[in-house]
Amino acid sequence: MAAGHEHLGLCWHHGGQKPQLGPNVHPMSTWQERKADINRRAVARLTRALPKIFPPLVLARALTRPFVPPTPRLAIDSYWRAHPFRADRLARALAARSGAPAGWTWRLGDDRNSGMPATFRSPPAPYRERAYARGPGFCCVCGQPVYRFGWHADLWDAGPNKNAIWHCACVIAWQFWNAPSEQARLLRRLQARRCGQTGSRLWKTAEVDHRVPLFRVWGEYRDAPWPVLLDYWDLPNLQVINRDAHLAKCATEAGARRAARALAAERA
Ligand SMILES: [Zn+2]
């Protein structure tokens, strides 16, 4: 146990010195009571800050959390965090509304300031690139206006939020596309815990895999229109597969890459 916890009065039951409690803290105060107190304050804070109009699903979820998010913004963030697939669908629908900027093509770049992806493993995002960014008030993932609290619709008739360049939903979608393994638990459930490659039961060590590998997306499909390209980072192209099946698949893919390189060298 980390030293110094006792003075916070959190861990005295682990054998430390019983802390000196203030006059307002009943010595029998349990963790549950403290939690209830924290939540009462959070609800009060949230209620004070809540505008007249607020997405009802988000509010309903916030109020049933073990720890109620104390601000509208955190309530929205917590909602999307719990629903990454919904966030992903929304982000792609918003991106479809924007389409690709005129003249944009998927390119890689080393210059961090350019905003271009350094590797084909990152999903292409034209509005993150300096040359095509729409500026404050527009989301750098989907290119659509960002409204109050990072919401994607102007429920408040207040116009774009000039301090924001991300939708809350697009933050979660972006994280999902870049690190799908973080959602392995949800993906396993979607597949009824069966290996996406062999259909056998998934082991604990199973891994998240792109059905069409990203090197092939870059090599063969890079001219596909944006945001259709994003589909390769998304659910239909993601599967959880057992480690042995993954190794076999990678070996086949490596073989195909070698063959393609050899063919290219022959033709050159
Ligand atoms: Zn967005």
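Residues numbered from 1 in each chain as written. Predicted model: local features only at pLDDT ≥ 70, side-chain atom pairs only at ≥ 80, totals over all residues. Heavy atoms only, no water.

Colleague: Could you give an account of the confidence of the model for the chain, naming the residues involved and the relevant values?
Modeller: For the chain, mean pLDDT is 88; residues scoring 70 or higher make up 89% of the total. Low pLDDT (under 50) marks residues 1–19, which in the prediction has 15 contacts with non-local residues, meaning those over four places away or in another chain. (pLDDT = per-residue confidence, 0-100. Contact = heavy atoms within 4.5 Å.)

Colleague: Which residues make up the coordination of the zinc ion, and what values do they have?
Modeller: On the protein side, the zinc ion has C139 (SG), C142 (SG), H167 (ND1) and C170 (SG) as donor atoms, found 2.1 to 2.3 Å from it. Considering all four donor atoms around the zinc ion, the spread of angles at the metal, 96 to 120 degrees, places the coordination shape in the tetrahedral class. Counting along the primary sequence, the residues that act as donors to the zinc ion give the motif C-x2-C-x24-H-x2-C. Of this pair, C142 sits in the loop between α4 (84–98) and α5 (168–178) while H167 is found in the loop between α4 and α5, placing the two residues 25 residues apart along the sequence. Each member of the pair, C142 as well as H167, carries the same accessibility label: buried. (Donors = N, O, S within 2.8 Å, 3.2 Å for Na, K, Ca; no water. Tetrahedral: all angles 85-135°; square planar, octahedral: opposite > 155°, others 65-115°. Helix = DSSP H or I, 4+ residues; strand = E, 2+ residues; numbered from the N terminus. Buried < 20%, exposed > 50% of the residue type's maximum accessible area, 1.4 Å probe, protein only.)

Colleague: Before we move on, could you go through helix α8 (residues 243–267) and cite the residues and values that matter?
Modeller: The end-to-end C-alpha separation of α8 is 36 Å, in line with the 36 Å expected for 25 residues at 1.5 Å each. Those residues of α8 not exposed but buried are A245, H246, K249 and E253. Close packing links the buried residues of α8 with β1 (207–210), α7 (214–220) and β2 (238–241). (Expected span 1.5 Å × (residues − 1).)

Colleague: Please give an account of the packing of helix α3 (residues 72–82) against α5 that cites residues and values.
Modeller: Where α3 meets α5, the closest approach of the two axes is 9 Å, and the angle between their N-to-C directions is 35 degrees. The interaxial crossing formed by α3 with α5 has right-handed handedness. Every residue of α5 that contacts α3 at R73, I76, W80 and R81 is listed here: C168, A169, I172 and Q175. Residue composition of the contact of α3 with α5, by class: five nonpolar, one polar and two charged. (Axes fitted to C-alpha atoms, helices over the stretch in contact; angles between N-to-C directions. Left-handed = near helix turned anticlockwise from the far one by under 90°. Nonpolar A, V, L, I, M, F, W, Y, C, P; charged D, E, K, R; others polar.)

Colleague: Could you give me a rundown of the packing of aromatic side chains, with the residues and numbers involved?
Modeller: One pass over the full model with this rule turns up 11 aromatic pairs. Aromatic side chains F85 and F176 sit 5.4 Å apart centroid to centroid with 55 degrees between the ring planes, which places their arrangement in the tilted category. Residue F85 is located in helix α4, and its partner F176 is located in helix α5; the two are separated by 91 residues in the primary sequence. Looking at F176, the relative accessible area reads 2%, which means it is buried. An aromatic cluster of three or more residues is present, and its members are F54, F149 and W156. The residue whose ring lies beneath K35 is F67, and the NZ or CZ to ring-centre distance is 5.5 Å. Across from the ring centre of W218, 3.9 Å away, lies the NZ or CZ of R222, which sits over that ring. (Phe/Tyr/Trp six-rings, centres within 6.5 Å; stacked < 30°, edge-to-face > 60°. Lys NZ or Arg CZ within 6 Å of the ring centre and 35° of its normal.)

Colleague: Outline the pattern of salt bridges, supporting the account with residue identities and numerical values.
Modeller: Throughout the structure, instances matching the rule amount to 10 salt bridges. With a closest N to O distance of 3.4 Å, D77 and R81 form a salt bridge. Remark: R81 and D77 occur in helix α3; sequence separation between them is four residues, near one turn of the helix. Among the ionic pairs, R92 bridges to D231, the shortest N-O distance being 3.2 Å. A residue pair is termed long-range when its members are at least 10 positions apart, and R92 in helix α4 and D231 in the loop between α7 and β2 qualify at 139 residues. Three or more residues are tied together by salt bridges with common partners; here these are D88, R92, D231 and D234. (Salt bridge = Lys/Arg side-chain N within 4 Å of Asp/Glu carboxyl O.)

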